[in-house]
Structures are given as structure tokens and as C-alpha cells.
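# Remarks on the overall topology
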Amino acid sequence: MLNSKTRGTWPVGAIATIAVTMTVLLSACTSGSGGGLLGGGSAPQATEKPPIPAPAITIVPAEGTNRVRPDKNVVVTSEGGALEEVLVESDGEHVEGEFDADRTKWTSNKPLRPSSTYTVSAKATGEGGPTTATSEFTTLKPKAELAVADVTPGIKGETVGVGMPIMVTFNQAVTNKAAVEAALKVDAQKPSEGAWRWISDRLVIYRPAKYWPAHQKVTFSADLTGIRGGPDMYGTKSFTHTIKIGARLVSTVNTKTHMMVVKKDGKVVQTMKISAGKATTREYTTTSGVHLTMSKHNPETMISPGKKEGDPGYYKEIVNHAVRISNSGEYVHSAPWSVGSQGRANVSHGCINASPTQAKWFYDNFHRGDVVTVVGTDRELEWNNGWGFWQMSYAKWKSGSALKDEASSES
């Protein structure tokens, strides 16, 4: 019970207790920096960033793919980093390819071999670290194999003339001519311009714009491996052949002066009296134009074309030292029976008659592909009569290329 002396007053201890309590309450409602949250609590913690992934590599063809077309590219791409290395191989043979500017894509640049298994391995690096990827796939087996069946000139050790074309015959009919032609290469020690012309689906011929520079080697190659020549037809192997070009032997026959002049590397080495076709009919008229020597025979049996024994104009002659210059029966050959007319009159059935001695010299010194130019008659040699390819202008010749905008090439 309070007495009168203490009524309306607080004890000193109680006042102190109240002051401390108020201080604590005020402290709980304020922030030391002025930005605190009412009711207390602490600031949120910073969130950790997720790790950067390693580069992702994609390989086409994908793992386990079968019957891949050999003419399709192998493509390797990397997302999130640059490709360090790409290796594509089959049986130890590596496939060539190229990276793009930032090395995020690699593309093969040569066809693959048919019926082969390829392995692909790739490595890439980025901020997320290095990564690797592999793939294995198999190319298809073609229903038909494309190959070079013949190349003319192709006789081992043969030397040919400066007019010699390169005639390539395939074992199959080619429908994809542009792809096949792009695989054909001509490399000469003395480079010159030239072009291919398709004569048929199986035959394509290369001719320089001008005669070959003399005394050199020319290498023909057909890198047909993996080349698609037509539906379900691919090349399975490549082909290479070296051709030796000899001296520049050019003969000029003038049927009006009845003379033949032979030059070797620009110098006259033989002057021959000749007798050309008597020109009583077209058949007996020697063709004018640029001929090439095609073959030689000693002896050669000549029979009148399209006639049988007993027909008017029929003949059968055995001649010596005969050098063929067209498919229509024209030769430079020995003709002892016309020596009296040689140098003054044309009395042959269309051939170039020469004396036995000079005909033998010509036979011994000329090679396939040497040039024989005939002037003076009104019958033109057809471009496809024998090897009359020089009768066609170079502009027209290269229009027969399947690579229309790339017909010309530096050999």
C-alpha cells in the first residue's frame, strides 16, 4: 500500500528500466544507413552465374549414315567456339577441306571414294573449354563405274607433233558432262591456252588454241574418284598419262605449184615435188586445210571407197611408206608410177604422191599429230574428217565445252 509520501511518483529504478526499454524499441525501428527495411531483416545475397557450356560440334553426314553420295561434302560446324582441327580419312587417306573465316565451319573440297567407310574427328575450343566429336559413315556402291577407257595419244614412249589433240574415251556414256570435264586437267611444261570439246557422250577432245610449243612434256590427268558421271554412276579411280611433244614439223602442200615444203622448228628441211588429186570428181580432189598425220603403214593397201571390183573407177593399189592424213583416204605416200608428173601435174585419186626416196624420208621423220597444210583446191577438209580439228576456229571449238564460262584453261 502506497503511503502519502510516494503517491504520484515512480521509483528511480523503475524509471531507468523504462528508459532502457524505449531506447531498444527506437533502435529496432531505425536503420544505421537510413535505407533499412521496417520490421528488420537483411539485404539479399548475389546470384551465381551458370557455367558457360563447351562448344557444340555438328558433323554431316551423321554417325552411322550409309549410302552417302560420294559427290556430297563433309561439313563440320561449331557453335560456341572455333574449330581447332578436323580430320576426315578412309584407309589412311585424308580428305582435303577448308575452314571459313572465323573457323566455325569446315567443308571438304574433294569427292569421296565410293564403297568406302570414313571417320571424322573434330576438336573445338571456346570460353566453355575444349570439346571433341567423332562420326563414321559409309559411301554408296555405284551401279556403274566411270573410267577412262582410252587416251590418244597413248602409245608408250611415243613422241607426237605440235598439232596433236588429246582424245579421251570413257567406258560409259556421260550425262553429267560438266562435273566430269571439271575433273580433267592438262598441265604442260610450257603452258598454253586450250579447251575441251565433247564429240559424243563417251568422247571428249582437248585442243590448244594454237599449236603446242615444241619440245616439252604434257601431263593429262582425270581425277574421277567420286565424280558423278550420271545416275548411279561414279568414278572409282583416277588416271594420269604423260605425252611427249617433239619438234615443230609443219608441211605445206601447194596443189597448184605441185610442191611440198617441210619445216622443222621453223627451218626448211625438205622440199618435195608432189602430185595431188586430179580433181575430175570430188572424190579425187585433195582436201584443202590443216591436216594432222594420223598413222603410217608400210605397205598399205588402198581400195577405192564405195566401189567393188569391176565398177568404173575401181582400184586396188599396194603402196609403200604411206602416212594417213584424213579418214577420207588421203595419204602422203610413195608413188613411183607418177614420178614423171610430180612437180608439174596432179594425177592421183586424192593422195599426195611423192618419189620413193622422199616418201620414205617423210615416213621416217614424221610422227602422229604433225601438221600437213594443203592449199590450192576447192574442197575443204571437214573438221571431223580424221583429225581435222584445226579446221574449226578456237572460239567455236571451245563452245563445245560443258563448262561454258570456263571453257578456256591455262595448261
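Residues numbered from 1 in each chain as written. Predicted model: local features only at pLDDT ≥ 70, side-chain atom pairs only at ≥ 80, totals over all residues. Heavy atoms only, no water.

## A word on the pairing of strand E20 (residues 249-254)
Remember that side chains alternate between the two faces of the sheet whenever the strand is regular. How we decide: One bridge is not enough; two strands pair if DSSP finds at least two bridges between them. The numbering of helices and of strands both runs from the N terminus, where a helix is a DSSP run of H or I of at least 4 residues and a strand a run of E of at least 2.
The pairing of E20 with strand E21 (residues 259-264) spans six bridges and is antiparallel. Residue Asn254 lies in a different strand from E21, and its bridge partner there is Met259. Relative to strand E30 (residues 371-375), E20 runs parallel, the two sharing five bridges. Across the sheet, Ser251 pairs through a bridge with Val372, a residue of E30.

## Here's the deal with the sheet that holds strand E11 (residues 159-160)
Read from one edge of the open sheet, four strands run E11-E19-E16-E13, paired in mixed fashion. Each edge of the open sheet is held by one strand with a lone partner, namely E11 and strand E13 (184-188). In the sheet, E11 pairs with strand E19 (residues 239-245) via two bridges, with the strands oriented parallel. Bridging across to E19, Val160 finds its partner in Ile245.

## Structural notes on the pairing of strand E2 (residues 75-79)
What counts here: Three labels apply to residues, based on accessible area from a 1.4 Å probe with only protein chains included: buried if under 20% of the type maximum, exposed if over 50%, partly exposed otherwise in between.
The alternating pattern of E2 places Val76 and Ser78 on a buried face, while none of Val75, Thr77 and Glu79, on the opposite face, is buried. Sheet topology note: the E2/strand E6 (residues 105-108) ladder contains three bridges and is antiparallel. By the bridge assignment for E6, Val76 is matched with Trp106.

## Observations concerning helix H3 (residues 356-365)
Every α-helical turn comprises 3.6 residues, leaving residues that sit three or four positions apart pointing alike. Our working rule: Working definition: the arc comes from the directions between the helix axis and the C-beta atoms, pointing outward to the latter.
Among the residues of H3, Gln358, Ala359, Phe362 and Tyr363 are the ones counted as buried. Down the axis of H3, the buried side of the element spans an arc of 145 degrees, and every buried residue falls inside it.

## Focus: the nonpolar core
To keep it simple, the criterion reads: Throughout this description, the term nonpolar core refers to a set of buried Ala, Val, Leu, Ile, Met, Phe, Trp, Tyr and Cys residues connected via side-chain atoms within 4.5 Å. Whether two residues are in contact is decided by their heavy atoms: any pair within 4.5 Å suffices.
Ile166, Val168, Phe170, Trp196 and Trp212 are the most contacted members of the largest nonpolar core, which has 43 residues in total. For this core, the element with the highest residue contribution is strand E12 (residues 166-170), accounting for four residues. Once residues lying within four places of it in the same chain are set aside, the contact partners of Phe170 are Leu146, Ala147, Val148, Ala149, Val180, Leu184, Trp198, Arg202, Val204 and Leu224. Counting residues in each nonpolar core, the second largest holds 18 residues, with Val253, Ala276, Ala354 and Phe366 among its members.

## A word on the environment of Gly230
Counting through the fold element by element, Gly230 comes out in strand E17 (residues 228-230). The class for Gly230 is buried, based on a relative accessible area of 2%. Once the C-alpha coordinates of Gly230 and Gln172 are considered, the two residues, 58 residues apart in sequence, prove to be 9.2 Å apart. Beyond its immediate chain neighbours, meaning those up to four positions away, Gly230 contacts Thr175 and Asn176.

## What about unusual backbone geometry?
Across the junction of Thr152 and Pro153, the peptide omega takes the value 10 degrees, indicating a cis bond. As for its position among the elements, Pro153 is in the loop between strand E10 (148-152) and E11. Residues other than glycine seldom take positive phi values, yet Ser115 does so here, at roughly 55 degrees. On the secondary structure map, Ser115 appears in the loop between E6 and strand E7 (117-126). Under the relative-accessibility criterion, Ser115 is labelled partly exposed at 45%.

## Details of the sheet that holds E2
Note the following rule: To obtain an axis, a line is fitted to C-alpha atoms, over the contacting stretch when the element is a helix, and the angle between two such axes runs from 0 to 180 degrees between their N-to-C directions.
What the four strands build is an open sheet, ordered E1-E2-E6-E5; its pairing is antiparallel. Strand pairing shows two members of the sheet lacking a second neighbour, strand E1 (56-60) and strand E5 (97-99), which therefore form its edges. Strand-to-strand twist of the sheet, defined as the mean angle between neighbouring strand axes without regard to direction, takes the value 10 degrees. Bridge count between E5 and E6: three bridges; the pairing is antiparallel. Of the residues in E6, the one forming a bridge with Gly97 is Ser108.

## Looking at the pattern of salt bridges
In plain terms, the rule: Just to be clear on terms, a salt bridge is a Lys or Arg side-chain nitrogen sitting within 4 Å of an Asp or Glu carboxyl oxygen.
Counted by the stated rule, this structure contains 11 salt bridges. Salt-bridge contacts for Lys110 lead to Asp223; the nearest nitrogen and oxygen are separated by 3.4 Å. Note that Lys110 is positioned in the loop between E6 and E7 and Asp223 in the loop between strand E16 (216-222) and E17, a separation of 113 residues in sequence. Among the ionic pairs, Asp311 bridges to Lys308, the shortest N-O distance being 3.8 Å. Judged by relative accessible area, Asp311 falls into the partly exposed class, the value being 26%. On the basis of relative accessibility, which here comes to 57%, the residue Lys308 falls in the exposed class. Shared partners join several salt bridges into a network, and the residues in it are Asp91, Glu93 and Arg113.

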